[in-house]
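Survey of secondary and tertiary structure
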Amino acid sequence: MPEAKRITLYSAVDSPFPHRVRLALEEAGATYDTIWIDLMDKEEWYEEKVNPAGGKVPILIYGGPKLHPGEAPSADAVRIPESIVILEFLADIFPDARLLPEDPVLRARVRLFNVAVDTKLQNALMGFIFLGASLDSTLAVLEDFQAMLPPTGFVVGEWSIADATFIPILARLHMVLRTGLGNILPEVAKEGVEALRSPRFARLKQYWDDITARPSTAKTWNEEEMRAIAARRMERFRKTGIVNRDIRVPIPTT
Ligand SMILES: N[C@@H](CCC(=O)N[C@@H](CS)C(=O)NCC(=O)O)C(=O)O
């Protein structure tokens, strides 16, 4: 087992990707430092000194002395970007936490689920919140993910890093539907809330109830804090068409 080293996570409240990592760190009972980045008002030092490959969050620093905002990690510290790679790394360095199951078939299922979240669910959520994708098409994708859940328990039975990728998206979808803080009509938001409470999504509701009962979810998800940031992001989107660093859409002039 590698020797324990200091862990520092660069995170942002509004991003689902570092949220994944925080969930896994909490499940592992890890000791770690968090440095918060405001993605809507990002300071230059972050991209210059910490993550020159795009200035994205998360990045996990493994080793080196304690870090403060504005500082560069030391040369002997390892920098790990990409949330799914970080999750696998945490499963490796915290084997007792069982962030990945022992059974190779279940491990493969975790990885397939994570690929599906990144290629399908994440895009569906962004499309729904910002880009005018319909509620029906979004719920259809969600139904496909519900169908992957076993009859009870978490994504592959025991909690795993597959739950770490799923939870941040479900949390944000619930928040957007409950508050209407998206590029969606209030009646669509209401219809979405009702759909998620209906028998069609009974298994997903049970999953969500089980997940929210876990301390790792309670510790990493603060809907009030998220609402405030989501409101800022929507205001910027309405004025500028900016979804994020990579996506900007034309805004109607009338
Ligand atoms: N594939 C990456 C995606 C990370 C990512 O896109 N992060 C966004 C936030 S959601 C970011 O930091 N964007 C930089 C910016 O908005 O300035 C991962 O899984 O870690």
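Just so you know, the residues in each chain are numbered from 1, in the order the chain's sequence is written. At least 70 in pLDDT is required for a residue's local features to be given in this predicted model, at least 80 for side-chain atom pairs to be given and counted, and no such filter applies to totals for whole chains, interfaces and linings, which use all residues. To obtain the side-chain values, all non-hydrogen atoms of the structure were included, while hydrogens and water were left out.

**Examining the layout of surface pockets**
A 1.4 Å probe that fits but cannot get out identifies a cavity on a 1 Å grid over protein atoms alone, an open set with protein on both sides within 12 Å along at least five of seven lines counts as a pocket, and a residue lines either if it has an atom within 4 Å of a point. Grid points are joined across faces, edges and corners, and a volume is the space filled by probe spheres set on the points. Quantified by volume, the largest pocket comes out at close to 1000 Å³. S15, F17, K56, N244 and D246 are, among the 40 residues lining the largest pocket, the residues nearest its centre. Under the DSSP-based scheme used, a helix requires at least four consecutive residues in state H or I and a strand at least two consecutive residues in state E, with every element numbered from the N terminus. Those elements that provide at least two residues to the lining of the largest pocket are α1 (16-27), α3 (83-93), α4 (104-130), α6 (161-179) and α10 (223-240). At eight residues, α4 tops the list of elements feeding residues into the lining of the largest pocket. Across the lining of the largest pocket, the residue classes break down as 21 nonpolar, eight polar and eleven charged. Two domains share the lining of the largest pocket, each providing at least three of its residues, namely domain 1 (7-97) and domain 2 (104-240). For this classification, Asp, Glu, Lys and Arg are treated as charged, while Ala, Val, Leu, Ile, Met, Phe, Trp, Tyr, Cys and Pro are nonpolar and the rest, including Gly, are polar. The split of the chain into domains comes from an automatic or database domain assignment.

**Section: the site of the ligand**
Taken together, S15, F17, L39, K42, G55, K56, V57, P58, E82, S83 and R245 form the complete shell of residues around the ligand. The side chain of E82 places a nitrogen or oxygen atom 2.7 Å from a nitrogen atom of the ligand. Note that accessible areas follow from Shrake-Rupley with a 1.4 Å probe, and for residues the cover is restricted to the protein chains shown. Protein chains shield 84% of the accessible area of the ligand, which is 510 Å² for the free molecule. If you map the ligand onto the pockets, it falls in the largest pocket. Looking at the shell around the ligand, its residues break down into four nonpolar, three polar and four charged. Whether a residue is near a molecule or strand depends on its heavy atoms: if one lies within 4 Å, it is near. Think of a polar contact as two N or O atoms within 3.5 Å of one another; within protein, one of them needs to be a possible hydrogen donor and the other a possible acceptor, and neighboring residues in sequence only count if both atoms come from side chains. Cavities and pockets are treated as containing a molecule whenever more than half of the molecule's atoms lie within 2 Å of their grid points.

**Description of the pairing of strand β3 (residues 59-62)**
Burial of the side chains of β3 extends over both faces: I59 and I61 are buried on one face and L60 and Y62 on the other. Strands were regarded as paired on the criterion that DSSP finds at least two bridges between them. In the sheet, strand β1 (residues 7-11) pairs with β3 via four bridges, with the strands oriented antiparallel. Within β3, the residue paired with Y10 across the bridge is I59. For β3 and strand β4 (residues 78-81), the ladder comprises four bridges, and the chain directions are antiparallel. Bridging from a neighbouring strand, I61 pairs with R79 of β4. Whether a residue is buried, partly exposed or exposed follows from its accessible area with a 1.4 Å probe, protein chains only, as a fraction of its type maximum: under 20%, in between, or over 50%, in that order.

**What to know about the pattern of salt bridges**
Opposite charge on two side chains allows them to pair when their charged atoms are near. The term salt bridge refers to a pairing of a side-chain nitrogen on Lys or Arg with a carboxyl oxygen on Asp or Glu at a separation within 4 Å. Tallied over the full model, the rule gives 16 salt bridges. Linking R6 and D33 is a salt bridge whose minimum nitrogen-to-oxygen distance equals 3.1 Å. Here R6 is found in the segment before β1, whereas its partner D33 is found in strand β2 (residues 33-36), with 27 residues between them in sequence. Between E235 and K239 there is a salt bridge, with the nearest N and O atoms lying 3.0 Å from each other.

**What about empty space enclosed by the protein?**
The probe, sized like a water molecule, is rolled over the atoms to show the empty space still left. Following the criterion strictly, the structure yields one cavity of 30 Å³ or more and no others. There is about 50 Å³ of room inside the largest cavity. Forming the walls of the largest cavity are L121, A124, L125, T138, V141, L142, I169 and L173. Of all the secondary structure elements, the ones that give two or more residues to the lining of the largest cavity are α4, α5 (135-148) and α6. For the lining of the largest cavity, a count of residues per class yields seven nonpolar, one polar and no charged.

**A closer look at the UniProt feature "domain: GST N-terminal" (unreviewed entry) in the protein chain**
UniProt positions are given in the numbering used here, feature names are shortened, and annotations may be inferred rather than shown by experiment. The sites that UniProt annotates as "domain: GST N-terminal" (unreviewed entry) are residues 5-98. Secondary structure across residues 5-98 divides into 32% helix and 18% strand, with the first and last C-alpha atoms of the span separated by 19 Å.

**Concerning the packing of aromatic side chains**
Stacked, tilted and edge-to-face are the three classes assigned to paired rings of Phe, Tyr and Trp, where Trp is represented by its six-membered ring and a pair needs centres within 6.5 Å; plane angles under 30 degrees give stacked, over 60 edge-to-face, the rest tilted. Enumeration over the complete set of coordinates arrives at nine aromatic pairs. Geometrically, the ring pair formed by Y10 and Y46 is tilted, given 5.5 Å between the ring centres and 40° between the ring planes. Linking Y10 in strand β1 with Y46 in helix α2 (residues 44-50), this pair joins segments that are 36 residues apart in sequence. Taking relative accessible area as the criterion, Y10 reaches 0% and is therefore assigned buried. Given a relative accessible area of 0%, Y46 falls into the buried group. Between the aromatic rings of F154 and Y207, the centroid separation amounts to 6.2 Å while the plane-to-plane angle is 75°, which identifies the pairing as edge-to-face. Of this pair, F154 sits in the loop between α5 and α6 while Y207 is found in helix α8 (residues 202-212), placing the two residues 53 residues apart along the sequence. Just as F154 is buried, Y207 falls in that class too. Aromatic rings pair up to connect F113, F145, F154, F166 and Y207 into one cluster.

**With respect to the pairing of β2**
Side chains of β2 alternate between two faces, with D33 and I35 buried and T34 and W36 left unburied. Across four bridges, the pairing between β1 and β2 is parallel. Within the sheet, the bridge partner assigned to T8 lies in β2 and is D33. If you view a crossover with the strands going away from you and the path from the first strand over the helix to the second runs clockwise, you call it right-handed. As a crossover connection, the stretch from β1 through α1 into β2 is right-handed.

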